[in-house]
Amino acid sequence: MQTIKTDIVLDARGLACPMPIVRTKKTMKTLEPGQVVEVQATDKGSTADLRAWANSTGNQYLGTIEEGDVLRHYVRKSSGDEQEAPAFKSIVTNETVETVRNNPDTLILDVRETAEYAFSHIPNAVNIPLGELETRIGELDTSKTIYVVCRTGSRSDLACQQLDAKGFNVQNVIPGMSDWTYETNQTV
Amino acid sequence: MTHAMTTKEVTQKIIHREKMFILDVRNEEAFQDWKIEGEQFSYLNVPYFDLLDGVEDILDQLPTDQAVLVVCAKEGSSIFVAELLEEAGRTVSYLSGGMKAWSEHLEPISLGSLNETGADRGEVVQFVRIGKGCLSYMIISEGEAVLVDAARMTDVYLDYANERQLTITHVFDTHLHADHISGGREIAEKTGATYWLPPKDATDVTFEYAALEDGSRVQIGDTKIDVRALYSPGHTIGSTSFIVDERYLLTGDILFIDSIGRPDLAGLAEDWVGDLRESLYKTYRELAKDLVVLPAHFMLIEELNEDGSVAEKLDILLVNNHGLNIEDEETFRKMVTENLPPQPNAYQEIRETNMGKQTPDLEAQREMEVGPNRCAVR
């Protein structure tokens, strides 16, 4: 199992409804857009409520891992800038990625947060969150065509610009995982 | 302090067809799946997490001329919202224990006396599990009592028997239940009563039981209140009805007031549909028409009689119940095998618990039973 890195862990264990959501809401206010919180709770009802709350507030509910009595919920704070038009011009569709993803010279790079990746990703995709890309760029194989994917195409747009500047052969996948209908894996 | 309304008070409002406004603050999915039903109740569903910053937005949707009850899953969120409403100047109540308590409330309703000609009159008490639509029965005579289809809240029956100084001698389940966890075995263990199950439903059970067969008979007290088993398969292969004192017909999950049993909860709809047809169209039709049908469920709150009981004469059901009036066998087969409602929550786990194969803790049992019973087809 992959370790899920989050920006903050909120301990709401032992708290009854409505407190897990009240605390989550408070914690979200301290986060930057795009950051991920892990909410630990023992109230069984918190899963459905947190999912519904996230949907109604525009935040992204990623998933829940159950470990004994403890539920670990992962929620990503909505990022307001995801609607901007991508600047990087080499763009491919999800369909294209599906047709080339098994080619030996294809590398699928998923630049979402580890929590997002863990709950659902394209098989064989490599995960390097956008924030870590600069320091981990050496892990990437320069000989391959890199298809960069995120949730909607914004983070991958930024990643493509970074990689392009370093001389990588990159393509931005649009729309990305928000609309990915093909096979996925999960590592939780 | 915000006022707590008990499940008993809510039940009385339902029975007396009183008006009440329910502000249900659970998430929309939970509300759509299952809520408190009352003929004169009106509803607003706004999840509590949309009210964390205040209730100003919903104030004009709440009436001031009738009781307002705030409801959530376990009461915590409804107290939170009720307090906000009080601060905004409204008088409201919250449901004590929330939907968890609502699911567990049992309302005992006496159906009157048996064996009227005798000196000592027996009695049938219907325990209405109002939130889930489950019905169970205590049949009483001369200080003795038998139970049929008891729910998992065994204390309710035991306390009731204690209060009336009754000895529970026999405990029956009409079939292996899939919608709720039976309290029958536990009550039998605690009281020393005999626990009966139809053997055809009990092939996989892990405990000892008395075989409930067609014609099995027990007597309650010294007078002639007798309870006779009548094999009536179809909901399950073992489903058994009871005739009590030649006055009542306990139909289990085969025949309800406005609907009939579904044959699919053990995965054998195609095999059992013929049995269901035979039980409804032959076995029951051969019985005395003035028997009063007492089912193990109700589906709609409209099925409650004036006194809150759920009971109707067999001859009336033979005319009014759609499921008893489908001439064509193929149409009948289609109705009970196709377009069935969703299956009850966790029904496989519930069946295994009733077989003794699983022993979930109380909290897990509550989770498994969340939601309506969904045992019927209409």
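Everything below is about the structure printed above this text.
To keep things clear, this report deals only with the structure shown in the data block. Note that this is a predicted model, so its numbers are computed, not measured.

1. Digging into the overall build of chain A
Here is step 1 of the chain: Assigned secondary structure in chain A consists of six helices and nine strands.
Here is step 2 of the chain: At 17 Å, chain A has a C-alpha radius of gyration in line with the 16 Å of a compact globule built from 188 residues.
Here is step 3 of the chain: A total of 188 residues make up chain A; the buried ones form 38% of that total.
Here is step 4 of the chain: Here the contacts in chain A between residues at least 6 apart in sequence split such that 66% fall between residues at least 24 apart.

2. Structural notes on helix H5 (residues 154-163) of chain B
All names here are of chain B.
Here is step 1 of the chain: When we look at burial in H5, the residues that qualify are Thr 154, Val 156, Tyr 157 and Ala 161. Down the axis, H5 shows its buried residues gathered within 165° of arc, on one side only. What points out from H5, more than 90 degrees from its buried face, is the exposed set Asp 159, Asn 162 and Glu 163.
Here is step 2 of the chain: On its buried face, H5 sits against strand S8 (134-141), strand S9 (144-148), strand S10 (167-172) and helix H6 (184-191).
Here is step 3 of the chain: Among the residues trailing H5, Gln 165 stands out with phi positive, at a value near 55°.

3. With respect to the packing of helix H1 (residues 19-30) of chain A against helix H2 (residues 46-57) of chain A
Residue and element names in this part refer to chain A.
Here is step 1 of the chain: Here H1 crosses H2 at 40°, and the two axes come no closer than 10 Å. In this structure, H1 crosses over H2, and the sense of that crossing is right-handed. Of the residues in H2, those touching H1 at Pro 20, Ile 21 and Thr 24 are Ser 46, Asp 49, Leu 50 and Trp 53.
Here is step 2 of the chain: For the contact of H1 with H2, the class distribution of residues is four nonpolar, two polar and one charged.

4. Section: the interface of chain B and chain A
Here is step 1 of the chain: In this assembly, 16 residues from chain B lie in contact with 13 residues from chain A.
Here is step 2 of the chain: Listed by contribution, the elements that provide at least two residues to the side of chain B that touches chain A are helix H2 (28-33) and helix H3 (76-87) of chain B.
Here is step 3 of the chain: A class-by-class count of the residues in the side of chain B that touches chain A yields eight nonpolar, three polar and five charged.

5. Points about unusual backbone geometry
All names here are of chain A.
Here is step 1 of the chain: Cis peptide bonds are those with omega within 30 degrees of zero, and the linkage from Cys 17 to Pro 18 qualifies with 10°.
Here is step 2 of the chain: One can find Pro 18 in the loop between strand S1 (8-12) and H1.
Here is step 3 of the chain: Residue Pro 175 follows Ile 174 across a cis peptide bond; omega there is 10°.
Here is step 4 of the chain: Positionally, Pro 175 belongs in the segment after strand S9 (169-173).

6. Brief notes about the sheet that holds strand S3 (residues 60-67) of chain A
Residues and elements named next belong to chain A.
Here is step 1 of the chain: Strands sit in the order S1-S2-S4-S3 across an open sheet of four strands; the sheet is mixed. One side of each edge strand has no neighbouring strand; the edge strands of this open sheet are S1 and S3. The sheet shows a mean angle of 20° between the axes of neighbouring strands, direction not considered.
Here is step 2 of the chain: Judged from the five bridges that link them, S1 and strand S2 (residues 36-41) form a sheet pairing that is parallel. The residue of S2 that forms the bridge with Val 9 is Glu 38.
Here is step 3 of the chain: Relative to S1, H1 is tilted by about 155°, and along the sheet it contacts S1, S2 and strand S4 (70-76).
Here is step 4 of the chain: Across the sheet, H2 lies against S2, S3 and S4, angled at about 5° from S4, the strand it touches most.

7. Considerations on helix H6 (residues 154-165) of chain A
Residues and elements named next belong to chain A.
Here is step 1 of the chain: The terminal C-alpha atoms of H6, which comprises twelve residues, lie 17 Å apart, in line with the 16 Å expected from a rise of 1.5 Å per residue.
Here is step 2 of the chain: Taken together, the buried positions of H6 are Ser 154, Arg 155, Ser 156, Asp 157, Ala 159, Cys 160 and Leu 163.
Here is step 3 of the chain: Taken together, the buried residues of H6 touch helix H5 (133-136), strand S8 (145-149) and S9.
Here is step 4 of the chain: Gly 167 lies just past H6 and shows a positive phi near 90°.

8. With respect to the sheet that holds strand S6 (residues 106-110) of chain A
All names here are of chain A.
Here is step 1 of the chain: Read across the open sheet, the five strands follow the order S5-S9-S8-S6-S7; overall the sheet is parallel. Of all strands in the sheet, those with a lone pairing partner are strand S5 (91-92) and strand S7 (126-127), marking the two edges.
Here is step 2 of the chain: Pairing of S8 with S9, which is carried by four bridges, proceeds in the parallel orientation. Looking at S9, one finds that Ile 146 is bridged to Val 170.
Here is step 3 of the chain: Docked against the sheet, H6 engages S8 and S9, running at close to 170° with respect to S9.

Rules of the game
- Residues numbered from 1 in each chain as written.
- Chains lettered and ligands numbered in written order.
- Predicted model: local features only at pLDDT ≥ 70, side-chain atom pairs only at ≥ 80, totals over all residues.
- Helix = DSSP H or I, 4+ residues; strand = E, 2+ residues; numbered from the N terminus.
- Rg over C-alpha atoms; globule rule 2.2 N^0.38 Å.
- Buried ≥ 20, exposed ≤ 12 C-beta atoms within 10 Å, placed from the backbone.
- Contact = placed C-beta atoms within 7 Å.
- Arc of directions from axis to C-beta.
- Axes fitted to C-alpha atoms, helices over the stretch in contact; angles between N-to-C directions.
- Left-handed = near helix turned anticlockwise from the far one by under 90°.
- Nonpolar A, V, L, I, M, F, W, Y, C, P; charged D, E, K, R; others polar.
- Pairing = 2+ DSSP bridges.
- Expected span 1.5 Å × (residues − 1).

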